[in-house]
Each structure stands twice: as structure tokens, then as C-alpha cells.
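Below, each chain spelled out in residue letters.
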Amino acid sequence: MASNREALLSRLNDKARHIRRSSWRALHAAGSGHVGGALSAAELLAGLYFHHLRLRPNEPDWPDRDRFVLSKGHGNAALAAVLAEIGFIDEALLDRFYGFESPLGMHPDIKVPGVEMSTGGLGHGLSIGLGMALGARLQGKNFRTVVMLGDGELQEGSNWEAAMAAAHHDVSSLTAILDYNKLQQSGHVDAMLSLEPMAERWRTFGWTVKEIDGHDIAAVIDALDTLPYSPDAPSVLIAHTVKGKGASFAENSHLWHNNVVDDEVYAKALAELEEAE
């Protein structure tokens, strides 16, 4: 059993590294883009797509599939990397990211196989996810809904309306994952509008909370495997992450929320990823 777990963790760490490489590939093709929030989410996306979510890439509209909404839509380079790796889209599309007539833009487009909702207008994803979860209940289906949130977008009040409604309706099939990298486009989240105490805030709204290191793949898997955290309440996984993870020049810098990715930057990023393997 231990060897099976070790093999799983090794495979998922490899997937996270591949997500980072492919995110850089996509953003290099675009010439610029939202780097920091794509890199911070790699382990979380690896755990979701290659371990947790029930999906059929060859049947993207399978009615019983689990739903995933990337509310922090500016992390779309990482989502595109995952969709290519798992087989929803052709990997060659990464080289057309944000290009003329490309289906892959800086934010997710529902027309792309595997994308459940067009996002990018921050603050709406949790409400959309709640609607999906309530829809499952009305249809008598048991699919699960996961929404990935950015910390800066929690400054939008619509999130907390959705949080109240989800708790009121005891929607245990709904999970929010917070990519808590502590930085937004203009600086430190707490300097813009403090969200602390984060965990207690969610508990007050009626959610069951778990906190982890979002780059510890073992912690990610254990947190996903124990969902839902309560049989009669929605769950939130607060994942503490590093913005720009895996690129020393981009880590913990709000300047890399969105920045130029030229040949020099791309080569430097790939070199650091190779050294870390």
C-alpha cells in the first residue's frame, strides 16, 4: 500500500511540473500573461485532474462528470496545460495561446472541451458552482462541483452571497479551493483589503474548513480524499501557496501576476524547472 501511495505522489508531482512547463509554453506563445497564479495552482490542479475528478476526456459532455470551475480565470494557462495533458484538447493548441482565432484565451472559454464556464470576471465562479451543485440535486445526480478561487477575488462581495446560500442549502457536494498565494495584481492582498481571519470567516459563513500547504502533493491528495468534510455543509480547502512557484525570479512577486514572457524569460524558467527535477 505504501509503495502504491509513493508511486501516486511521484506521478502527481511529475504532473505538477509538467503543468508548470506547459503553462510557460503557453504564455511564451502569447508573449505575456498571468504567470503567478498559474504556477501557484499546479499541485492543486494535478491532484484534481489526475486523481480526484471523475471525467471522460473523450466524452466531455458526459452528464455524470464532476464539474470544475476556474473562478480565478486569469490562471487559464495552467488549466489549458491540464486539458492538453489529460486529452480534452490537442497539445499543439498551447502554441497558439491567446493567438488570433485561437480557442485558448487569457481566460477560460466554455466553447473549449473540458471547460464548464467562461470565467475571468472575478467573483462569479462560486455562484456558478453553487448553481451546478443545486442542479445536480434537482436532477438526482451525484456529481461533485469544485470551484477554484483566487484570494484577491474574495474581496468581491458576490462570493460571500454564494457562501451564505450554499451553507443555507446544505450543499455538501460543493467544494471551494482557495489558491491562497497572498498576492494580487497591485500588491499584497492584506494591503489592498484584508481577508483575515480567513478560516474563521468561512466557518462563520457555515462552511467546513481544512487548511494545507498547497504545494505538498500528499496533503493535497489527503484533503481531496476526505471530501466532503461534513455530510451537511459545503467544504472549503484553503491551500497556502507561493505565487510564481517554481521560478525564483517570479516567486512571491506581484509583478509576476501578469508580465512579459520573452525568449530569455522562457529559457530561464525552463532551466530552473529542469534543475529542480
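A short tour of the structure in this document, coming up. None of the values given here were measured: they were computed from a predicted structure.

1. Topic: the overall build of the chain
1) Next: Along its length, the chain carries 10 helices and nine strands.
2) Next: For the chain, the C-alpha atoms occupy an extent of roughly 50 × 45 × 45 Å along the three principal directions.
3) Next: Across the 277 residues in the chain, those meeting the buried criterion constitute 53%.
4) Next: Long-range contacts, defined here as pairs at least 24 residues apart, represent 75% of the contacts in the chain between residues at least 6 apart.
5) Next: In the structure as shown, the chain presents an accessible area of about 11600 Å², 50% of it carried by carbon and sulfur atoms.
6) Next: Measuring between centres, the 24 positive side-chain charges of the chain sit 4 Å from its 37 negative side-chain charges.

2. Here we look at the sheet that holds strand β4 (residues 174-180)
1) Next: Within the open sheet, the five strands sit side by side as β2-β3-β4-β8-β7. Their pairing is parallel. For this open sheet the edge positions go to β2 (67-70) and β7 (208-213), each flanked by a neighbour on one side alone. If you compare each strand with its neighbour and ignore which way they point, the axes differ by 20 degrees on average.
2) Next: Across six bridges, the pairing between β7 and strand β8 (residues 235-240) is parallel. Pairing of T208 across the sheet is with S235, part of β8.
3) Next: Each of β2, β3 (145-150), β4 and β8 touches helix α3 (residues 42-52); the most contacted strand, β3, lies at about 170 degrees to it.
4) Next: Of the strands in this sheet, β2, β3 and β4 touch helix α5 (residues 125-139), which is tilted by about 175 degrees from β3.

3. Overview of the nonpolar core
It is characteristic of soluble globular proteins that their nonpolar side chains tend to be buried jointly.
1) Next: If you look at the biggest cluster of nonpolar residues, it comprises 62 residues, and the most contacted ones within it are I19, W24, L45, L48, Y49, F68 and M148.
2) Next: Not counting residues within four places of it along the chain, the set of residues in contact with L45 comprises I19, F50, F68, A78, L79, V82 and M148.
3) Next: Counting residues in hydrophobic clusters, the runner-up holds 27 residues, among them W160, A163, A199 and W207.

4. Points about the packing of α3 against helix α9 (residues 217-225)
1) Next: Running from amino to carboxyl end, α3 crosses α9 at an angle of 50 degrees, the nearest separation of the two axes being 10 Å. Here α3 is positioned oblique relative to α9, judged by the angle of their axes. Seen along the crossing, α3 lies across α9 with a hand that is right-handed. Each of E43, L44, G47, L48, H51 and H52 in α3 lies in contact with α9, whose residues at this interface are I217, V220, I221, L224 and D225.
2) Next: The residue makeup of the contact of α3 with α9, split by class, is six nonpolar, three polar and two charged.

5. Side note on the side chain of H34
1) Next: Secondary-structure assignment places H34 in the loop between β1 (32-33) and α2 (36-39).
2) Next: Apart from the residues within four sequence positions on either side, H34 is in contact with L27, H74, M106, H257 and N258.

6. Observations concerning the pattern of salt bridges
Side chains bearing opposite charge may pair, as long as their charged atoms lie close to each other.
1) Next: One pass over the structure, following the stated rule, counts 13 salt bridges.
2) Next: D66 is the partner of R54 in a salt bridge, and the nearest nitrogen-oxygen pair spans 3.1 Å. With a gap of 12 residues between them, R54 in the loop between α3 and β2 and D66 in the loop between α3 and β2 connect regions that are remote in the sequence.
3) Next: For R54, a relative accessible area of 33% corresponds to the partly exposed category.
4) Next: Ionic pairing is found between R56 and E59, a salt bridge with its closest N-O pair at 3.2 Å.
5) Next: Salt bridges here are not isolated pairs; linked through shared partners, they connect R25, E91 and D95.

7. Some points on the layout of surface pockets
Empty space among the atoms becomes visible once a probe the size of a water molecule is rolled across them.
1) Next: If you add up the space inside the largest pocket, you get close to 240 Å³.
2) Next: In terms of lining, the largest pocket is formed by 19 residues, of which the most central are H74, L122, Q184, Q185 and H257.
3) Next: Grouping the constituent residues of the lining of the largest pocket by class yields two nonpolar, 12 polar and five charged.
4) Next: Of the volumes computed, that of the second largest pocket is approximately 160 Å³.

8. Remarks on the pairing of β3
The two faces of the sheet receive side chains in turn, since in a regular strand these alternate between them.
1) Next: Among the six residues that make up β3, six are buried, leaving the element largely enclosed by the rest of the structure.
2) Next: Side chains T145, V147 and L149 of β3 all project onto a buried face; the interleaved residues V146, M148 and G150 project onto the opposite face, where all are buried too.
3) Next: In the sheet, β2 pairs with β3 via four bridges, with the strands oriented parallel. Bridge pairing in β3 links L70 to M148.
4) Next: In the classification by handedness, the crossover that spans β3, the intervening helix α6 (residues 157-168) and the parallel β4 is right-handed.

Calculation criteria
- Residues numbered from 1 in each chain as written.
- Predicted model: local features only at pLDDT ≥ 70, side-chain atom pairs only at ≥ 80, totals over all residues.
- Heavy atoms only, no water.
- Helix = DSSP H or I, 4+ residues; strand = E, 2+ residues; numbered from the N terminus.
- Buried < 20%, exposed > 50% of the residue type's maximum accessible area, 1.4 Å probe, protein only.
- Contact = heavy atoms within 4.5 Å.
- Areas by Shrake-Rupley, 256 points an atom, 1.4 Å probe, with all protein chains shown as cover.
- Lys, Arg positive; Asp, Glu negative; His and termini not counted.
- Charge placed at Lys NZ, Arg CZ, Asp CG, Glu CD.
- Pairing = 2+ DSSP bridges.
- Axes fitted to C-alpha atoms, helices over the stretch in contact; angles between N-to-C directions.
- Core = buried A, V, L, I, M, F, W, Y, C linked by side-chain atoms within 4.5 Å.
- Parallel < 35°, antiparallel > 145°, perpendicular 65-115°, else oblique.
- Left-handed = near helix turned anticlockwise from the far one by under 90°.
- Nonpolar A, V, L, I, M, F, W, Y, C, P; charged D, E, K, R; others polar.
- Salt bridge = Lys/Arg side-chain N within 4 Å of Asp/Glu carboxyl O.
- 1 Å grid on protein atoms, 1.4 Å probe; cavity = no way out; pocket = protein on both sides within 12 Å on 5 of 7 lines; lining within 4 Å.
- Points joined across faces, edges and corners; volume = space filled by probe spheres on them.
- Right-handed = clockwise from strand over helix to strand, strands pointing away.

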